[in-house]
Amino acid sequence: MSNRLSSRLSRLLNLVPYFIANPGMSAAEAAAELGVTTTQLMSDLNQLWVCGLPGYGPGDLIDLSFSEESIEVTFSAGIDRPLRLTSTEATALLIALRSLVEMPGMVDPSAAHSAIAKIEDAAGTAAARAAVTPASERAAVEDVAEDPVAAAVRSALHRRRALHLTYYSASRDRVTERTVDPVRIVLVDNHSYLQAWCRQAEGVRLFRLDRIDAATELDEASTPPAQALVRDSNLELFSGDASLPQARLHIGADCVWVLDYYPMDVATVAADGSVEATMSYGALEWMARLVLGFGSGITVLGPPELVHEVRRRAVEALSAYEAVEA
């Protein structure tokens, strides 16, 4: 099941108890609280309307009375209790939230800390933690100061405003000034990136948040073109970003299927079916791991630092095997 479908299923399972607890709520109010659009919420309700118990006749299906002005549940079909987390699920959620807090720009840190506190409170650990945590530390947690760049980027996304960036491009060792139309923040290989339409380059670009020296929210509206809003996959976001390094790869005939799974540009196709292709990447370590996973099926032709990294890791792995056999 894709993450998108899994997320929708979780939302659908919680909608019935939510509207039982909030009868008569308008679609706009509910959509705002649930973090979805009104259109998505109405689509969810129409989906719920045809769900229920085996038999699938009157008295079996979830029954709702809903319009954009008011939503009420008239028959819950037994789905009347909110999702209850197991201790393992709660722990996993806490770890995920704390990880997101460490990723600049991914979430509002104050909101994340608030969610962490609520989960801990529900799990009965808040009191114990408060008892052993000095008051000064508790105050520091409650008053979280977000990185100014991350705050500016998130604010511009929320308010749909353009941004002026001072950005350091590591691959070119240059600092540039750009005006961009923000699209979204994505997390790739443990780094937060702003995906945006760059007005100077007239294309979609990724900007690693920890390489943005300064971000200023402008008064003008963000107006990315339609092609910049296409959401395919995070990896495809790397395509066309000239600031990212390019791996030159020789791909054996037995491994050309990889072209269907990763965004690559084919340069040549040999008579034996092998190809040479290029692929942009954000992190040297990630690219090296990807290539090593194919063994002899993929050979790195460049850049030199990637060739060196793959060779180094391969030698280390062989040495480890030799040590075991000895």
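Please refer to the structure higher up on the page.
Residues numbered from 1 in each chain as written. Predicted model: local features only at pLDDT ≥ 70, side-chain atom pairs only at ≥ 80, totals over all residues. Heavy atoms only, no water.

Engineer: I'd love a proper account of the overall build of the protein chain, names of residues and values included.
Structural biologist: Scanning the protein chain from N- to C-terminus turns up 10 helices and 11 strands. A total of 326 residues make up the protein chain; the buried ones form 35% of that total. Counted over contacts in the protein chain with a minimum sequence separation of 6, partners at least 24 positions apart contribute 56%. Taken as a whole, the protein chain presents about 18900 Å² of accessible surface, with 54% of it coming from carbon and sulfur. (Helix = DSSP H or I, 4+ residues; strand = E, 2+ residues; numbered from the N terminus. Buried < 20%, exposed > 50% of the residue type's maximum accessible area, 1.4 Å probe, protein only. Contact = heavy atoms within 4.5 Å. Areas by Shrake-Rupley, 256 points an atom, 1.4 Å probe, with all protein chains shown as cover.)

Engineer: Account for the pattern of salt bridges, naming residues and giving values.
Structural biologist: Applying the stated rule across the entire model yields seven salt bridges. A salt bridge links Asp181 to Arg199, with the nearest nitrogen and oxygen atoms 2.7 Å apart. One end of the pair, Asp181, is in strand β4 (residues 174-188); the other, Arg199, is in the loop between β5 (191-198) and β6 (203-208), with 18 residues separating them in the sequence. By relative accessible area, Arg199 is classed as partly exposed at 28%. (Salt bridge = Lys/Arg side-chain N within 4 Å of Asp/Glu carboxyl O.)

Engineer: Which residues make up the sheet that holds strand β9 (residues 265-269), and what values do they have?
Structural biologist: Taken together, four strands build an open sheet; the order of strands is β9-β10-β8-β11 and the sheet is antiparallel. One side of each edge strand has no neighbouring strand; the edge strands of this open sheet are β9 and β11 (298-302). Taking each pair of neighbouring strands and ignoring which way they run, the sheet shows an average axis angle of 30°. In this sheet, strand β10 (residues 275-280) lies alongside strand β8 (residues 246-251) in antiparallel orientation, the contact comprising six bridges. Counterpart to Leu249 in the pairing with β10 is Ala277. Helix-sheet contacts for helix α10 (residues 304-325) involve β8 and β11, and the interaxial angle to β11 is about 140°. (Pairing = 2+ DSSP bridges. Axes fitted to C-alpha atoms, helices over the stretch in contact; angles between N-to-C directions.)

Engineer: Describe the side chain of Ser274, and please don't skip the residues or the numbers.
Structural biologist: Assignment of secondary structure puts Ser274 in the loop between β9 and β10. Ser274 gets classed as buried once you look at its relative accessible area, which sits at 4%. For Ser274, the side chain forms a polar contact with the side chain of Asp272, separated by 2.7 Å. Those residues in contact with Ser274, other than ones at most four positions away along the chain, are His250, Ile251, Gly252, Ala253, Thr268 and Val269. (Polar contact = N/O pair within 3.5 Å; in protein donor to acceptor, adjacent residues only side chain to side chain.)

Engineer: Run through the packing of aromatic side chains, naming residues and quoting values.
Structural biologist: What the rule picks out here adds up to three aromatic pairs. Seen from their ring centres, Tyr18 and Phe19 are 5.1 Å apart, and the 80° between their planes marks the pair as edge-to-face. Each member of the pair, Tyr18 as well as Phe19, is classed as buried. Geometrically, the ring pair formed by Trp257 and Phe294 is tilted, given 5.4 Å between the ring centres and 40° between the ring planes. Of the two residues, Trp257 sits in the loop between β8 and β9 while Phe294 sits in the loop between α9 (284-292) and β11, which places them 37 residues apart along the sequence. (Phe/Tyr/Trp six-rings, centres within 6.5 Å; stacked < 30°, edge-to-face > 60°.)

Engineer: Would you mind going over the environment of Val266 in detail, with residue names and values included?
Structural biologist: When you line up the elements, Val266 lands in strand β9. Spatially, the C-alpha atom of Val266 lies 4.2 Å from that of Ala277, the residues being 11 residues apart in sequence. If we ignore the near neighbours within four places in the chain, the residues touching Val266 are Leu259, Val275, Glu276 and Ala277.

Engineer: Describe the packing of α9 against α10, with residues and values.
Structural biologist: Remark: α9 packs on α10, axes separated minimally by 9 Å, with the N-to-C direction vectors making an angle of 60°. When the axis of α9 is compared with that of α10, the two are oblique. Pair α9 / α10 crosses with right-handed handedness. Together, Leu284, Glu285, Met287, Ala288, Arg289, Val291 and Leu292 of α9 and Glu305, Leu306, Glu309, Val310, Arg313 and Ala314 of α10 make up the contact between the two elements. Split into classes, the residues belonging to the contact of α9 with α10 amount to eight nonpolar, no polar and five charged. (Parallel < 35°, antiparallel > 145°, perpendicular 65-115°, else oblique. Left-handed = near helix turned anticlockwise from the far one by under 90°. Nonpolar A, V, L, I, M, F, W, Y, C, P; charged D, E, K, R; others polar.)

Engineer: Can you break down the nonpolar core residue by residue, with the values?
Structural biologist: Membership of the largest hydrophobic core comes to 20 residues, with the highest contact counts inside it found for Leu249, Ile251, Met287 and Leu306. When residues of this core are traced back to their parent elements, those giving at least two are β8, β10, α9, β11 and α10. For this core, the leading source of residues is α9, giving four residues. Among residues more than four places away in sequence, those in contact with Leu306 are Ala247, Tyr281, Leu284, Met287, Ala288 and Val300. (Core = buried A, V, L, I, M, F, W, Y, C linked by side-chain atoms within 4.5 Å.)

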